[in-house]
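Descriptive analysis of the structure
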Amino acid sequence: DGGITQSPKYLFRKEGQNVTLSCEQNLNHDAMYWYRQDPGQGLRLIYYSQIVNDFQKGDIAEGYSVSREKKESFPLTVTSAQKNPTAFYLCASSIDRDTNEAFFGQGTRLTVV
Amino acid sequence: AQSVTQPDIHITVSEGASLELRCNYSYGATPYLFWYVQSPGQGLQLLLKYFSGDTLVQGIKGFEAEFKRSQSSFNLRKPSVHWSDAAEYFCAVGLTGGGNKLTFGTGTQLKVEL
């Protein structure tokens, strides 16, 4: 089945450690996105990528980094510079840049203690 | 920059009653409009979308939405709610003419009373 796979579903890390969240898609979509979700705030865009080896900052990129070495993969690293990293992270992809219709993964809940 | 407002944080309806969730957007041109649904701890599922043409769009699970340009609104409706519709609903706006960033509203939590 085609879709977007995020792993792991739950992730616990100690404060000060970097952590990488995985996102893989087999939909052959060009564009991929990372969103952060906090209660009562909706989804906020962290980074997005329209093609391989290219990505742009979203609205809340500080403390995060990404790479896009393969079309299928768009991992997100939450660095120690992120002041409040505990959140639900959602990865999405879309077939092209024009229609903006996004398909979402099941999310990763990151808890930093 | 575009913005999306969902004025109702929580809505409670009885099973079998009709439902309308409100969404207003702010954008200089006609945007792409979406409604997504999210069950607890899950990703988002697309309910319906509006790109152009007929302003009344049909989606999955019996939902529909109407685009009203004069009111900058894209309200979601369902004639008869089922208990399984309890979830959080997000309205989203995308830019036209290129660009691929979705702007989401803060969501409306729907509770269904049996």
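Presented here is a report on the structure given in the accompanying data block.

Thresholds applied
Residues numbered from 1 in each chain as written. Chains lettered and ligands numbered in written order. Predicted model: local features only at pLDDT ≥ 70, side-chain atom pairs only at ≥ 80, totals over all residues. Heavy atoms only, no water. Helix = DSSP H or I, 4+ residues; strand = E, 2+ residues; numbered from the N terminus. Rg over C-alpha atoms; globule rule 2.2 N^0.38 Å. Buried < 20%, exposed > 50% of the residue type's maximum accessible area, 1.4 Å probe, protein only. Contact = heavy atoms within 4.5 Å. Areas by Shrake-Rupley, 256 points an atom, 1.4 Å probe, with all protein chains shown as cover. Lys, Arg positive; Asp, Glu negative; His and termini not counted. Charge placed at Lys NZ, Arg CZ, Asp CG, Glu CD. Salt bridge = Lys/Arg side-chain N within 4 Å of Asp/Glu carboxyl O. Polar contact = N/O pair within 3.5 Å; in protein donor to acceptor, adjacent residues only side chain to side chain. Nonpolar A, V, L, I, M, F, W, Y, C, P; charged D, E, K, R; others polar. Pairing = 2+ DSSP bridges. Axes fitted to C-alpha atoms, helices over the stretch in contact; angles between N-to-C directions. 1 Å grid on protein atoms, 1.4 Å probe; cavity = no way out; pocket = protein on both sides within 12 Å on 5 of 7 lines; lining within 4 Å. Points joined across faces, edges and corners; volume = space filled by probe spheres on them.

A word on the overall build of chain B
Summing up its helical and strand segments, chain B has zero helices and 12 strands in all. The order of helices and strands in chain B, counted from the N terminus, is β-β-β-β-β-β-β-β-β-β-β-β. Relative to the globule expectation of 13 Å for 114 residues, the C-alpha radius of gyration of chain B, 14 Å, shows essentially globular dimensions. Judged by the C-alpha coordinates and their principal axes, chain B covers about 45 × 30 × 20 Å. Buried positions account for 46% of the 114 residues belonging to chain B. Considering only contacts in chain B between residues 6 or more positions apart, those separated by 24 or more positions represent 55%. Counting only carbon and sulfur atoms, one obtains 48% of the accessible surface of chain B, whose full area is about 5300 Å². Where the 9 positive side-chain charges of chain B centre and where its 9 negative ones centre are 7 Å apart.

Some points on the interface of chain B and chain A
For interface size, the figure often reported is the accessible area lost on association. Contact residues are listed per partner, giving 23 residues for chain B and 23 residues for chain A. For the pair chain B and chain A, the interface holds one salt bridge. If you look at where chain B meets chain A, you find five residue pairs in polar contact (both at pLDDT 80 or more). For the side of chain B that touches chain A, the element with the highest residue contribution is strand β5 (residues 32-38) of chain B, accounting for four residues. For the side of chain B that touches chain A, a count of residues per class yields 10 nonpolar, 10 polar and three charged.

Quick notes on the sheet that holds strand β3 (residues 19-25) of chain A
All names here are of chain A. The strand order across the open sheet built from four strands is β1-β3-β8-β7, with neighbouring strands paired in antiparallel fashion. What marks the edges here is a single partner per strand, and that holds for β1 (4-7) and β7 (64-66). Strand-to-strand twist across the sheet, computed as the mean angle between neighbouring axes with direction ignored, equals 20°. Pairing geometry for β3 and strand β8 (residues 76-78), over three bridges, is antiparallel. When the bridges of β8 are listed, T20 appears paired with T77.

Let's talk about the layout of surface pockets
Taking a probe equal in size to a water molecule and rolling it over the atoms shows the remaining empty space. Taken as a whole, the largest pocket encloses approximately 400 Å³ of empty space. Forming the boundary of the largest pocket are 22 residues, of which Q37(A), P39(A), Q38(B), E88(B) and Q109(B) lie nearest the centre. Counting residues per element, the ones that place at least two in the lining of the largest pocket are β9 (87-94) of chain A together with β10 (87-94) of chain B. For the lining of the largest pocket, the class distribution of residues is seven nonpolar, 12 polar and three charged.

Function cannot be inferred from these measures alone, as they are strictly geometric.
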